[in-house]
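# Tertiary structure, described
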Amino acid sequence: MGCGCSPNHLKSCSARWTDNRVAVQPQVNRQAYTLPNDLAAAVRLTLQDWRTGGKVRRLWARDASLWTGMDEADWLGWLEITEDQLAHTDHLTTIAEEVKAAGFRHALLLGMGGSSLCPEVIKMTFGKLDGYPELHVLDSTDPAQVKTFEDKVDLAKTIFIVSSKSGSTLEPNIFKQYFFERVKRGADADKPGTRFIAITDPGSKMQQVAESDGFRHVFFGLPSIGGRYSALSNFGMVPSAIMGVDVPKLLDRAEEMVQVCASCVPAEDNPGVVLGTILGVLARHGRDKVTITTSPGIRDLGAWLEQLLAESTGKEGKGLIPIDREALGLPEVYGMDRLFVYLRLESRPDPSQDAAIDALEGAGQPVVRILVADLYGLGQEFFRWEIATAVAGSIIGINPFNQPDVEASKVATRRLTEQYEKTGSLPPETPILHDGGIRLFTDENNAVSLAKAAGRDRSFPGYLRAHLNRLAPGDYFAILAYLEMNGAHEAQLQAMRHAVRDAKSVATCLGFGPRFLHSTGQAYKGGPNTGVFLQITCDDAIDLPVPGHRYTFGAVKAAQARGDFQVLAERKRRALRVHLGSDVRAGLAALQAAISEALG
């Protein structure tokens, strides 16, 4: 065709071919954007640079010099994954029919981060599909949450999916240990492994465990695909198939986006490259708070985008800060640090979102609109955003495929769990305030700053006022809640974030721990030092043992929270921890009241 594409992507240059060789033009989710004049000019200039520099071709050729010249070339297996999956769908259709025929009512995925977020998006989007097991996704060490999921499923009719790329991640391993012991107590005591499936990379520790314990199946990922880029690989597609999604259709839709993002498509016509250019250029101009709005029918897509953007770009003091599930407000509550991205489900739009986005656009805020045709259009968005994130990483000047500060938190957590294993307790702590059932903790540097700012008012609301007054234009406020993730808790925490947003005109984030550690945690520690963090912990009303260990799920969660805070402090972040005690409902009510007083 004379376009300079690699053989694998020649078909991408104009049309794809059906099996009977009829040319079919890709049907791609439409994308449009409106930017202030200065930003629009900067985007055009960068797209021209990408075209004249052959940078789209270099991306597809895995040229590491497009980023930092390190190991980026080793992490681009996701570029061809849809083509490979479509050529080998037998394992996906076979496992779907096998699990259906076996009569399983539930499928419980045990994972974290990139191994769990895509399946969660698919489950929350498609729901329960007739004739197939209902998929549940457990990605929290909070003992109340583990127990909630155990109570949701019929253990005798559940297939367990242990999903871990490295096979050494703490959470999936202890989830597996816990539920494997539960199954051994039931009707399948002599062959518990037949109720388990593993998804992992070849040669991992999890593969060894699965083979030793007689797992029903082991499905492999590709070592050249990092966890957050693995949505269209087996990590996303095997659980999707098990719950009854038409995976070949989802992959076929994704392949349509692959074609229009190919190396031969000019930068200015390439939807992934255009989106990534907007993200990268606006970040370099101070608009690094990527505010994601999704139609209700695809609401959970934001959680996947959060991880992809934050963990990929938030490092070396640079990066994008994704803002998910922040309700749209009036134009006057926003500063000059925002980029709004609206993913609108065309089959089920929300008129109130349409009106709010129109108002923001009219007020001069930069807006990207992506029109998702239907639920299977998610396949296209997975690939569009992966390309966009790689492009943005190049423009920002970082390696979008590593996560150094996530590893730092894991190391800190490991030290604490090892100490608990030896002594039966975590190191003692001294609060800076003890007020009824509430205790406040922080590191020495933050304690000095907060005490000085609080002055004579060393009360709970006084310390919160001092902490929130550290927010300045261009900053963001993040609530890091190591609590059970449920509707009641989320509603209270959302009210708090929006109160801060409206009072301070800053972007706000809400993450539940420990899941956010494998997502936005990277950007919070390694990205721009513009965050003001409020960590929330509690005493667990119930706790659960981890088989084979002295520590419990509650102890692991506490160690993760402390390790998280320790690294935030080491990175000189402005952070305060509120410990609620065992009555979480009352503690959250007290916190909400104190925040209202602090903002008043």
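These figures come from a predicted structure and were not determined experimentally. (Residues numbered from 1 in each chain as written. Predicted model: local features only at pLDDT ≥ 70, side-chain atom pairs only at ≥ 80, totals over all residues. Heavy atoms only, no water.)

What follows is about the environment of Thr89. Here Thr89 is to be found in the loop between α3 (81-87) and α4 (90-101). Relative accessible area serves as the criterion here: at 16%, Thr89 is assigned to the buried category. Linking Thr89 and Pro248, residues 159 residues apart in sequence, is a C-alpha distance of 7.0 Å. (Helix = DSSP H or I, 4+ residues; strand = E, 2+ residues; numbered from the N terminus. Buried < 20%, exposed > 50% of the residue type's maximum accessible area, 1.4 Å probe, protein only.)

For the rest of this paragraph, the subject is the pairing of strand β5 (residues 134-138). Taking burial as the measure, the five residues of β5 include four buried ones, the bulk of the element. Where strand β4 (residues 106-110) lies against β5, five bridges are found, and the strand directions are parallel. Across the sheet, Leu109 pairs through a bridge with Val137, a residue of β5. Remark: the β4/helix α5 (residues 117-126)/β5 crossover connection has right-handed handedness. (Pairing = 2+ DSSP bridges. Right-handed = clockwise from strand over helix to strand, strands pointing away.)

Our focus in this paragraph is the nonpolar core. Trp304 and Trp385 are the most contacted members of the largest nonpolar core, which totals 96 residues. When near neighbours in sequence (up to four residues on either side) are disregarded, Trp304 contacts Leu117, Cys118, Val121, Arg228, Ala231, Glu381, Phe382, Trp385 and Glu386. With 35 residues, the next largest nonpolar core counts Leu440, Ala466, Val506 and Leu576 among its residues. (Core = buried A, V, L, I, M, F, W, Y, C linked by side-chain atoms within 4.5 Å. Contact = heavy atoms within 4.5 Å.)

At a minimum axis distance of 8 Å, the contact between α5 and helix α12 (residues 301-313) shows a crossing angle of 165 degrees. Comparing their axes, α12 and α5 come out roughly antiparallel. Considering how the two elements wind past one another, α5 and α12 form a crossing that is left-handed. In this structure, α5 uses Leu117, Cys118, Glu120 and Val121 to contact α12, whose residues at the interface are Leu301, Ala303, Trp304 and Gln307. A per-class count over the contact of α5 with α12 returns six nonpolar, one polar and one charged. (Axes fitted to C-alpha atoms, helices over the stretch in contact; angles between N-to-C directions. Parallel < 35°, antiparallel > 145°, perpendicular 65-115°, else oblique. Left-handed = near helix turned anticlockwise from the far one by under 90°. Nonpolar A, V, L, I, M, F, W, Y, C, P; charged D, E, K, R; others polar.)

Let us look at the pairing of strand β6 (residues 158-163). By the criterion of burial, β6 is predominantly enclosed, with six of the six residues buried. Here β6 shows two buried faces, one formed by Thr158, Phe160 and Val162 and the other by Ile159, Ile161 and Ser163. In this sheet, β6 lies alongside β4 in parallel orientation, the contact comprising five bridges. What sits directly across from Leu110, in β6, is Val162. Here β6 runs beside strand β7 (residues 196-200); their pairing, made up of four bridges, is parallel.

Moving on to the sheet that holds strand β18 (residues 574-579). Pairing in this open sheet of six strands is mixed, and the strands run β13-β14-β18-β17-β15-β16 from one edge to the other. Taken across any chain shown, the strands that pair with only one partner, and hence form the sheet edges, are β13 (433-435) and β16 (507-512). Averaged over all adjacent pairs, the angle separating strand axes in this sheet is 15 degrees, with direction ignored. Pairing between strand β17 (residues 531-537) and β18: six bridges, direction parallel.

Our focus in this paragraph is the layout of surface pockets. Sizing a probe to match a water molecule and rolling it over the atoms shows the empty space that remains. Within this model, the largest pocket holds a volume of roughly 1000 Å³. Sorting the residues of the lining of the largest pocket by element identifies α7 (170-184), α8 (205-212), α12 and α15 (404-423) as the ones contributing at least two each. Sorting elements by how many residues they give to the lining of the largest pocket places α15 first, with nine residues. Residues that form the lining of the largest pocket fall into these classes: twelve nonpolar, 22 polar and 13 charged. (1 Å grid on protein atoms, 1.4 Å probe; cavity = no way out; pocket = protein on both sides within 12 Å on 5 of 7 lines; lining within 4 Å. Points joined across faces, edges and corners; volume = space filled by probe spheres on them.)

In total, this model carries 21 aromatic pairs according to the counting rule given. Measuring from ring centre to ring centre gives 5.1 Å for Tyr178 and Phe179, while their planes differ by 85 degrees; the resulting arrangement is edge-to-face. An identical accessibility class is assigned to Tyr178 and Phe179; each is buried. Plain terms: the ring middles of Phe180 and Phe196 are 5.2 Å apart, the flat faces sit at 55 degrees to each other, and that makes the pair tilted. Taken together, the residues Phe180 in helix α7 and Phe196 in strand β7 connect sequence positions 16 residues apart. (Phe/Tyr/Trp six-rings, centres within 6.5 Å; stacked < 30°, edge-to-face > 60°.)

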